[in-house]
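# Commentary on secondary and tertiary structure
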Amino acid sequence: MKFRDFFSNDFETGENHYIPSLRTRYYRCRNEDAKKAVLNMIDVEKGKVKAIVEQHNEIFFQCPAYTSTITVISPRIGETAIDIKVTTYRMIPRGYGKQIIERLYKHLDANLPFKGVSLYKG
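It should be emphasised that the depicted structure is a prediction, and the values quoted were computed from it without experimental measurement. (Residues numbered from 1 in each chain as written. Predicted model: local features only at pLDDT ≥ 70, side-chain atom pairs only at ≥ 80, totals over all residues. Heavy atoms only, no water.)

This brings us to the confidence of the model for the chain. Mean pLDDT over the chain: 92, with 99% of residues reaching 70 or higher. The secondary structure element of the chain with the lowest average pLDDT is strand E7 (residues 114–117), at 93, and the one with the highest is strand E4 (residues 58–62), at 97. (pLDDT = per-residue confidence, 0-100. Helix = DSSP H or I, 4+ residues; strand = E, 2+ residues; numbered from the N terminus.)

Listed below in structure tokens is the structure:
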């Protein structure tokens, strides 16, 4: 983790992220099943869904300590990729957004059949 990451409130996952725990996760399931798991995870996190944008496959929700946008995309039939963007509300976050993303992925790994991390590097 870079020094500036300790003072950043925004963290986002990606296919080629320099932090291995923040790379895109892939699951063996349909898009609808992944969305149900994400909505279940939001309930566990005590969050409120603010918007579901079907056109962009995004779910935006808000929790007391952060807001998040989760993108659920199916690159192939029976395979779903999930990316997460988190914005925290702390004055000095000390990498709290990274911890939140790792916790969310851990919950999804337990509830969906895990396939791999960053499978389609460019």
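Let us look at the pattern of salt bridges. Side-chain pairs of opposite charge can arise whenever the charged atoms involved come near each other. Under the defined criterion, the tally for this structure stands at eight salt bridges. Glu45 is paired through a salt bridge with Arg103; the nearest N and O atoms lie 2.8 Å apart. Remark: Arg103 occurs in helix H2 (residues 96–111) and Glu45 occurs in the loop between helix H1 (31–44) and strand E3 (48–53); sequence separation between them is 58 residues. On the basis of relative accessible area, Glu45 is assigned to the buried category, the value being 17%. By relative accessible area, Arg103 is classed as partly exposed at 35%. The shortest N-O distance in the salt bridge between Glu102 and Lys98 comes to 2.7 Å. Taken together, the residues Glu102 and Lys98, both in helix H2 and four residues apart, mark about one turn of the helix. Owing to a relative accessible area of 28%, Glu102 belongs among the partly exposed residues under this scheme. Residue classification places Lys98 among the buried positions, given a relative accessible area of 18%. A network of salt bridges, in which partner residues are shared, links Arg30, Glu32 and Asp33. (Salt bridge = Lys/Arg side-chain N within 4 Å of Asp/Glu carboxyl O. Buried < 20%, exposed > 50% of the residue type's maximum accessible area, 1.4 Å probe, protein only.)

Formed by 26 residues in total, the largest nonpolar core has its most connected members in Val38, Ile70, Ile82, Ile84, Leu108 and Leu112. Every element with two or more residues in this core is listed here: H1, E4, strand E5 (66–76), strand E6 (79–88) and H2. Considering each element in turn, this core owes the most residues, six residues, to H2. When near neighbours in sequence (up to four residues on either side) are disregarded, Ile84 contacts Phe11, Glu12, Thr13, Ser68, Thr69, Ile70, Ile101, Leu104 and Tyr105. (Core = buried A, V, L, I, M, F, W, Y, C linked by side-chain atoms within 4.5 Å. Contact = heavy atoms within 4.5 Å.)

Moving on, we come to the packing of aromatic side chains. Two measures describe an aromatic ring pair: the distance that separates the ring centres and the angle between the ring planes. By the definition in use, this model includes three aromatic pairs. Pairing Tyr26 with Tyr120 gives two aromatic rings, centres 5.3 Å apart and planes at 75°, and the pair type is edge-to-face. Residue Tyr26 is found in strand E2 (residues 25–27), and its partner Tyr120 is found in the segment after E7; the two are separated by 94 residues along the sequence. Residue class for Tyr26 comes out buried when judged on its relative accessible area of 4%. For Tyr120, a relative accessible area of 31% corresponds to the partly exposed category. (Phe/Tyr/Trp six-rings, centres within 6.5 Å; stacked < 30°, edge-to-face > 60°.)

Moving on: the pairing of E4. Judged by which residues are buried, E4 turns out to be one-sided: Ile59 and Phe61 face inward and are buried, whereas Glu58, Phe60 and Gln62, on the alternate face, are not. By the bridge criterion, five bridges tie E3 to E4 in an arrangement that is antiparallel. Bridge assignment links Ile52 to a residue of E4, and that residue is Ile59. The hairpin formed by E3 and E4 contains four residues between the paired strands, and Asn57 there has a positive phi angle of roughly 55°. (Pairing = 2+ DSSP bridges.)

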